[in-house]
Amino acid sequence: MEYAVETSDLTKVFENKEEGVKQYIKAVDHVNIKVKHGEFFGLLGPNGAGKTTLIKMLCTIILPTEGTAKVNGYDIIKEPHKVRSSFGWFHGETGGRSLYWRLNAEDNLKFYAYLQNVPKDIAEKRIKALLEFFELTKDSKKLVKDYSTGMKVKVMLARALLHNPPILFMDEPTIGLDTISAVETRRLLKALNSELGKTIVFTSHNMFEVEQLCERIAIMKDGRVIADAPPSVLREMLRDVHAVEVEIREVDDLSKTVEALSNLSIVKKVMDAKNESSNVIVRLQVDDEYEAIPIVASKLHSLGVKFSAVRRSEPTLEDIFVKLTRGEET
Amino acid sequence: MEVEKLVGIISEEVPRRKTPIYRVILSFVVRDFKVWWTYKFWLLLDISGMVLFVVTYYIFSLITTSQQVQEAGYVIGGYFTFALIGIAFQQYVHFAVQSINESIREEQWNGTMETILSTATDFRIFLLGEVCFSFIVSSALLLMSLLVGFILGARFYVTPSSILTAIILTVLLIASHMDIGILSTGVIMKVKQGSPVTWAFSWLSQLVSGVFYPLKLLPWYLEWVGKAFPLTYSLDGIRLCLQSGKDLTSPVIITNIVSLVIFIIVATPIALYVFKIGYDAARRDGSLGQY
Amino acid sequence: MKVEELIKLFKDDKPRLSSEVIHVWAVFWANFKIFLSYRTWVIMETISTVASIAMYSFMGLQVDATRVVLAGYGEVDWLSFALVGVATANYLWMCVSRLSHSLQHEIREGTLEPIITSLISMRSYIIGQSIRGFLVSGYFMLGVIVVGIGVLRTPLIINLETILSFIAVILLMVLSYAGIGIMAAGLILVYKKGDPLTFLFASVTEFLGGVLFPLKYLENFPILYVMAWLMPYTYALDAARRILLNGATLLSPNVLLNVTVLIVYTVIFIPLGLKVFKWGINRIRHEGTVATY
């Protein structure tokens, strides 16, 4: 039992009948991943990349078309019952459905504790502690239908932890949480991983949190894993990418400015331009950051653009992600 | 598609005209028909359920006497015709009221409610559109059940004037039950539970409107309660037309028609008001998309 | 509560012990609580029940009593005759529709997925749901009988023996349909829609089972007559009428024959139903459509 999760050529093809014509959609395509016991593993990918389908297969909700997987050493096809006692599952995309809206938080948790065979005294202690941790104690007698999305998400998170499983499948766990709760949830997951040695398989859109938490990251696109490495290694892939970041305060015509910058001979291309609070951040790929900074600054100055900074930009996971998923050369 | 292109297409200036009401309603009917057509199986079930219903009351009529019905002034056809008209029209309006509620619930369930209400469509037109299609379907079922009844031995007075009068009464029946449907939908939006309310209403109206027996058999207090239900007047009128050959020249019919018109005049503003309250309440506590 | 404290709490763990009884209890308890939260539903359904009984009592005024004798239960009045029919038909309808209804709910609200990933077996789930169905429907049946005897003074024969026999017959009736209910549930999992089917089921039962009229009158329609005697409900209703109208017990030969038929149906249909249900679960796991939000 060397790996907590091990898939071998795991594949899922969905059949879809549209106007009588059968269509086949390869949601997961021969995926081979291995997650060690106690590892914090991240699964990254755009919408529709197959992350959720992959996790649902590991959770025994969806049967694979081809290949199989082992969770905690048990086969997901042959021993679903044993697999089910090994993991806790959270599915953020449901936006707080998947709970009984006409029961209160406590009853929801109690129900699943019974279903997960948690002894009564332990269940009570844990439910109390989890409700307190997620700051739901004072609302715990209110029906879930009157909860905000964030509160529902917290109840679902508590449900996934309730039976203290060795493996946690966390599908977008911070979706719908406010910033402070998201920070706390990340801290909890980190502690569960480092203190209790739980294996965590984590998916997210948020590059920052994946980078911060995960020891290893797999990137999925169109059902395939296109990269599988620690964040540092992935970042290494962009070693030869040099970038400069411009923070613009005020500008009349952004597209014109961007065009002018891209025409500079030192700028290889414009990586992206996006609004961040009151500023516009433009990232430029260049040959040499230190040479580029003064040139870019003087160009902006001559265009009459008010800017607050021109600085060197570290390649982020987002760059890798964009680079890989757009199918560009690595 | 590049962002610039897309922005170009969207921002292209198109003069916004008000879509004519009939077009809006037609689009609802077409949409419902398309959805309904994917459940062809349902039609079969609806029809077989209807046939079974008619046959049930045919056999029931075999153990009844027609004495009370004839004493109440419904001349031909006996108990079976009497019960057939009662059940067919009662089911007709029950089906209609229920489908108003159900379509709203379905919209809430699918989460399309919020989308539709956030478009520029007036909610009254929205309601009208929602019910139009189900009235078409239930009218077809009504005619079919009368036909099945006729095959089994129900008899009607068929003269142009009696049929015309029956149709007028039917239209008034529909109009009055639209109000009831709208009213109950307003309540449902708030309490989130559809069918039990409609079912309870359906049973109550069966009890006091004389669906299965002449009103004379009821004790006086239930007979009085029955006077509050538009179904009572419609059934009496329609039966007098189809079983006794009465028409617009008969004072009894005129009384029924006037009662129905009064009901509609009084109930329409109340129904719309209650609906508005329920709708606003649901918007206030943000539960429009809930069910 | 800090992260550290929570972690400490999770450090002490006890082995989890599997218990089907607790699973069944949990499903029953949670769903019963959900049911109680639908207060309007309970009130409205109670009104419907009372109104329908009142209506039948007025319908009865037009019935020619001599034609009811043909049913073979002696000189009983039509109202008692119909009341037993309505009570049992309603009960059956509620039990079967409850199961399919709550299952559709679980699919739509996405609560079926966490249930599948938990340790409960589908058998325990169905049993838990069904127990709730028995009890909830029992409330309404009790209502029908209490109003019938108390207000309308129908001469039903009520003593310890008939009550026990009646309850046994009702249980057998539900069990003989349980297989069909479970089968329908399995089909609902796959096709997501089931209401029209249950509706047709209700009208067929009400019509063919002879709720409102003696089955003798169906003899002119040979196909329908044969179909009627193929339904377990017809046997259950016959037994229930013999018990409550004529004072027979479970051991009376006529009742015993009916009971045997019901047992045969139970034995055949429950395993079949469970098979279809299992097929349904695996089918949706294969299609990946457990939840359809």
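Scroll up a little and you will see the structure.
Since we're looking at a predicted model, the values are computed, not measured.

Some remarks on the interface of chain A and chain C
Of the residues lining the interface, 54 residues belong to chain A; the matching set on chain C comes to 48 residues. Interface area for chain A against chain C, summed over the two sides, is near 4800 Å², with a carbon-plus-sulfur share of 63%. Three residues, Arg102(A), Leu115(A) and Asn117(A), lead the burial of chain A against chain C; their summed loss comes to 14% of the area buried on that side. Scanning the region where chain A abuts chain C turns up three salt bridges. Across the salt bridge formed by Arg187(A) and Glu4(C), the nearest N and O atoms sit 3.2 Å from each other. The tally of links between chain A and chain C comes to 13 residue pairs in polar contact (both at pLDDT 80 or more).

Considerations on the sheet that holds strand 10 (residues 216–221) of chain A
All names here are of chain A. Spatial strand order, 7-8-9-4-10-11: six strands in an open sheet with mixed pairing. Two strands in the sheet have a free side with no partner beyond their single neighbour: strand 7 (87–91) and strand 11 (224–229). Strand-to-strand twist of the sheet, defined as the mean angle between neighbouring strand axes without regard to direction, takes the value 15 degrees. Relative to strand 9 (residues 199–204), strand 8 (residues 167–171) is paired through five bridges, and the arrangement is parallel. Residue pairing for strand 9: Met170 is matched across the bridge by Phe202. Its contacts with the sheet put helix 5 (residues 149–161) on strand 7 and strand 8, and the angle it makes with strand 7 is roughly 165 degrees.

Things to note about a nonpolar patch on the surface
Residues and elements named next belong to chain B. Where nonpolar side chains cluster on the molecular surface, the patch consists of Leu164, Ile168, Leu183, Val187, Leu248, Ile254, Val258, Val261, Ile262, Ile265, Val266 and Ile270 and spans about 940 Å² of accessible area. When residues of the nonpolar patch are traced back to their parent elements, those giving at least two are helix 8 (160–191) and helix 12 (251–284). Top contributing element to the nonpolar patch by residue count: helix 12, with seven residues. When you line up the elements, Ile270 lands in helix 12.

Re the pattern of salt bridges
Residue and element names in this part refer to chain A. One pass over the full model with this rule turns up 26 salt bridges over all chains. Taking the shortest distance from any N to any O, the salt bridge between Asp139 and Lys138 comes out at 3.7 Å. Owing to a relative accessible area of 13%, Asp139 belongs among the buried residues under this scheme. One salt bridge connects Asp139 with Lys142, and the closest N-O pair in it is separated by 3.6 Å.

Focus on helix 9 (residues 254–262) of chain A
Spacing of three or four residues puts side chains on the same side of an α-helix, whose turn is 3.6 residues. Residues and elements named next belong to chain A. Residues Thr257, Val258, Ala260 and Leu261 constitute the buried set of helix 9. Viewed along the axis of helix 9, the buried residues span an arc of 160 degrees, placing them on a single side of the element. Across from the buried face of helix 9, at angles greater than 90 degrees, the exposed residues are Ser255 and Lys256. Contact partners of the buried residues in helix 9: strand 13 (267–276), strand 14 (279–286) and helix 10 (289–303).

Observations concerning the environment of Glu45(C)
All names here are of chain C. Within the secondary structure, Glu45 is located in helix 3 (residues 39–59). Sequence separation between Glu45 and Pro271 is 226 residues; the distance between their C-alpha atoms is 33 Å. If we skip the residues at most four places from it in the chain, Glu45 touches Met94 and Phe140.

Concerning the sheet that holds strand 14 of chain A
All names here are of chain A. In spatial order, the strands read 13-14-12-15; together these four strands make up an open sheet with antiparallel pairing. Pairing within the sheet leaves two strands with one partner each, and these edge strands are strand 13 and strand 15 (306–313). Between one strand and the next, the sheet's axes are offset by a mean angle of 20 degrees, whatever the strand orientation. Across seven bridges, strand 12 (residues 242–250) lies against strand 15 in antiparallel orientation. Its bridge partner lying in strand 15, Ile248 is registered against Phe307. Across the sheet, helix 10 touches strand 12, strand 14 and strand 15, and the angle it forms with strand 15 is around 165 degrees.

Definitions and cut-offs
- Residues numbered from 1 in each chain as written.
- Chains lettered and ligands numbered in written order.
- Predicted model: local features only at pLDDT ≥ 70, side-chain atom pairs only at ≥ 80, totals over all residues.
- Heavy atoms only, no water.
- Contact = heavy atoms within 4.5 Å.
- Buried area = accessible area lost by both parts, 1.4 Å probe.
- Salt bridge = Lys/Arg side-chain N within 4 Å of Asp/Glu carboxyl O.
- Polar contact = N/O pair within 3.5 Å; in protein donor to acceptor, adjacent residues only side chain to side chain.
- Pairing = 2+ DSSP bridges.
- Helix = DSSP H or I, 4+ residues; strand = E, 2+ residues; numbered from the N terminus.
- Axes fitted to C-alpha atoms, helices over the stretch in contact; angles between N-to-C directions.
- Patch = residues over 30% accessible without salt bridge, like charges linked within 9 Å, V, L, I, M, F, W, Y side chains within 5 Å.
- Areas by Shrake-Rupley, 256 points an atom, 1.4 Å probe, with all protein chains shown as cover.
- Buried < 20%, exposed > 50% of the residue type's maximum accessible area, 1.4 Å probe, protein only.
- Arc of directions from axis to C-beta.

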